[in-house]
Amino acid sequence: MHGRDLMEADALRSFAVFAEHRNFTTAARELHISQPSLHVKIRKLAAALGVELYERDGRRLALTAAGERLAAYALDSRRRAEEFLRELHDESAPTLTIAAGRGALRWVIGEPIQRVGGQGRRVHVITADRDAALGAVTSGRADLAVVAHDPPGRQVEATQIATYRQVLVLGDGHPLARRRQVRLGDLDGLDLVVPPAGRPHRRALERALLDAGVRWQVAAEVDGWDLLVHLAALGVGATVVNGCVGLPDGLRAVPIHGLPEIRYWAAWRPPRRAVVQDLLDQFGVGR
């Protein structure tokens, strides 16, 4: 059997399920076939295409570059078939799957998701960090990723959808709360609630404060904008967040001069442009 014949057979569907789980036992169970049968299907597919589709990475299985491309193609094919059947039977538009971090989901694209859903569109959300969100798009598991800071790579199409200043959040009784803006030097001596070590926001903040010669102390380490703000509201310390984050009563957000603005990007693969357009419309991104 030639590669094209196998690409049109159920081996492609079997590989799509395997690629989603990266596990033969789990994939075989979902496909209702034996594990040896699944091994044979994927081995024949790889041989017909003349490429390796997966490799062992320690105790886990990882897709090769060719495997990643085939998985994306397989998932696209499955989704297109589902979308065709919906249109054939006059059903609703295909589900829009979005991968993004918790902060972006709540404060950047929360309202656009609500508006898209209000138009009758089903939305499925995957909570993921930057690498995982972009990986979900390139593998075909998600239609759209929303990521912060640097633009995504060339393997996807992308557009900037939002920009926010970084702000110092502290109690409205603090002397700095009366300022229209503060400079990095004004943070000298503050107790700060920050993300755990190694997080992108923590690394960027530490670098900026070090370059400015600012002395500061870690008041607490928590993950997520909501918890940073919550601890600031409890009086544990001040914090630095994106200007889009909502604040409870008793707190004030003061823009920080000297920290870069945070940019957010929407990313998708070209074949999914029509599927993600509803959400892009909410940000004024044309077709």
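Quick notes on the rules
- Residues numbered from 1 in each chain as written.
- Predicted model: local features only at pLDDT ≥ 70, side-chain atom pairs only at ≥ 80, totals over all residues.
- Heavy atoms only, no water.
- Buried < 20%, exposed > 50% of the residue type's maximum accessible area, 1.4 Å probe, protein only.
- Helix = DSSP H or I, 4+ residues; strand = E, 2+ residues; numbered from the N terminus.
- Pairing = 2+ DSSP bridges.
- Contact = heavy atoms within 4.5 Å.
- Axes fitted to C-alpha atoms, helices over the stretch in contact; angles between N-to-C directions.
- Parallel < 35°, antiparallel > 145°, perpendicular 65-115°, else oblique.
- Nonpolar A, V, L, I, M, F, W, Y, C, P; charged D, E, K, R; others polar.
- Salt bridge = Lys/Arg side-chain N within 4 Å of Asp/Glu carboxyl O.
- Phe/Tyr/Trp six-rings, centres within 6.5 Å; stacked < 30°, edge-to-face > 60°.

Engineer: Looking at this structure, I do not really get the pairing of strand β13 (residues 262-268). What am I missing?
Structural biologist: Each regular strand shows side chains that alternate between the opposite faces of the sheet. Most of β13 sits out of view: six of its seven residues are buried. As paired elements, strand β5 (residues 144-148) and β13 share four bridges and run antiparallel to each other. Residue Ala 145 lies in a different strand from β13, and its bridge partner there is Ala 267. Alignment of strand β6 (residues 157-164) against β13, held across seven bridges, turns out to be antiparallel. Bridging across to β13, Glu 157 finds its partner in Trp 268.

Engineer: Honestly, unusual backbone geometry in this entry has me stumped. Any pointers?
Structural biologist: For residues besides glycine, phi is generally negative; the peptide bonds are generally trans as well. Notably, Arg 22 is not glycine yet its phi reads approximately 55°, a positive angle. Position of Arg 22 relative to the elements: it lies in the loop between α2 (10-21) and α3 (24-31). Even without a glycine there, the phi angle at His 149 is positive, about 75°. Residue His 149 is classed as partly exposed on the basis of its relative accessible area of 33%.

Engineer: Whenever I open this one, the sheet that holds strand β11 (residues 238-242) confuses me. Can you help?
Structural biologist: Strand pairing in a sheet relies on backbone hydrogen bonds. The paired strands run either parallel or antiparallel. Reading across from one edge, β8-β12-β7-β11-β9-β10 is the order of the six strands in this open sheet, with mixed pairing throughout. On the outer flanks of this sheet lie β8 (182-183) and β10 (217-221), each paired with one strand and no other. Against the sheet, helix α9 (residues 200-211) touches β7 (166-171), β9 (191-194), β10 and β11, its axis set at about 150° to β9. Of the strands in this sheet, β7, β9, β10, β11 and β12 (251-257) touch helix α10 (residues 225-233), which is tilted by about 150° from β11.

Engineer: Quick question: what am I supposed to make of the packing of α3 against helix α4 (residues 35-49) here?
Structural biologist: Helix-helix packing is characterised by the crossing angle of the two axes and by the distance between the axes. Contact pair α3 / α4: the axes reach a minimum separation of 9 Å and the direction vectors enclose 100°. By the criterion of interaxial angle, the relationship of α3 to α4 is roughly perpendicular. In this structure, α3 contributes Phe 24, Thr 25, Ala 27, Ala 28 and Leu 31 to the contact, and α4 contributes Gln 35, Leu 38, His 39 and Ile 42. Counted by class, the contact of α3 with α4 contains six nonpolar, three polar and no charged residues.

Engineer: How should I be thinking about the pattern of salt bridges in this particular structure?
Structural biologist: Pairing between side chains of opposite charge can happen when their charged atoms approach one another. Under the definition given, this model contains 12 salt bridges. Between Asp 278 and Arg 121 there is a salt bridge, with its nearest N and O atoms 2.9 Å apart. Placement of the pair is Asp 278 in helix α11 (residues 273-281) and Arg 121 in the loop between α7 (110-118) and β4 (123-127), with a sequence separation of 157 residues. Of the charged contacts in the structure, one is a salt bridge between Glu 206 and Arg 202, with a shortest N-O distance of 2.7 Å. Of this pair, Glu 206 and Arg 202 both sit in helix α9, four residues apart, roughly one helical turn. Residue class for Arg 202 comes out buried when judged on its relative accessible area of 6%. A cluster of three or more residues bridged by salt bridges with shared partners is formed by Arg 102, Arg 199 and Asp 223.

Engineer: Is there a simple way to explain the packing of aromatic side chains in this structure?
Structural biologist: Geometry of an aromatic ring pair is reported as the spacing of the ring centres plus the angle between the planes. In this structure the tally under the stated criterion is five aromatic pairs. Where Phe 18 meets Tyr 54, the ring centres are 5.4 Å apart and the plane angle is 65°; that geometry is what we call edge-to-face. Here Phe 18, found in helix α2, pairs with Tyr 54, found in strand β1 (residues 54-57); they are 36 residues apart in sequence, far enough to count as distant. Relative accessible area serves as the criterion here: at 26%, Tyr 54 is assigned to the partly exposed category. Measuring from centroid to centroid gives 5.5 Å for Phe 24 and Tyr 54, while their planes differ by 70°, and the two rings are edge-to-face. Residue Phe 24 is located in helix α3, and its partner Tyr 54 is located in strand β1; the two are separated by 30 residues in the primary sequence. Classification of Phe 24 as buried rests on a relative accessible area of 6%. Grouped by ring-pair contacts, the aromatic residues Phe 15, Phe 18, Phe 24 and Tyr 54 constitute a single cluster.

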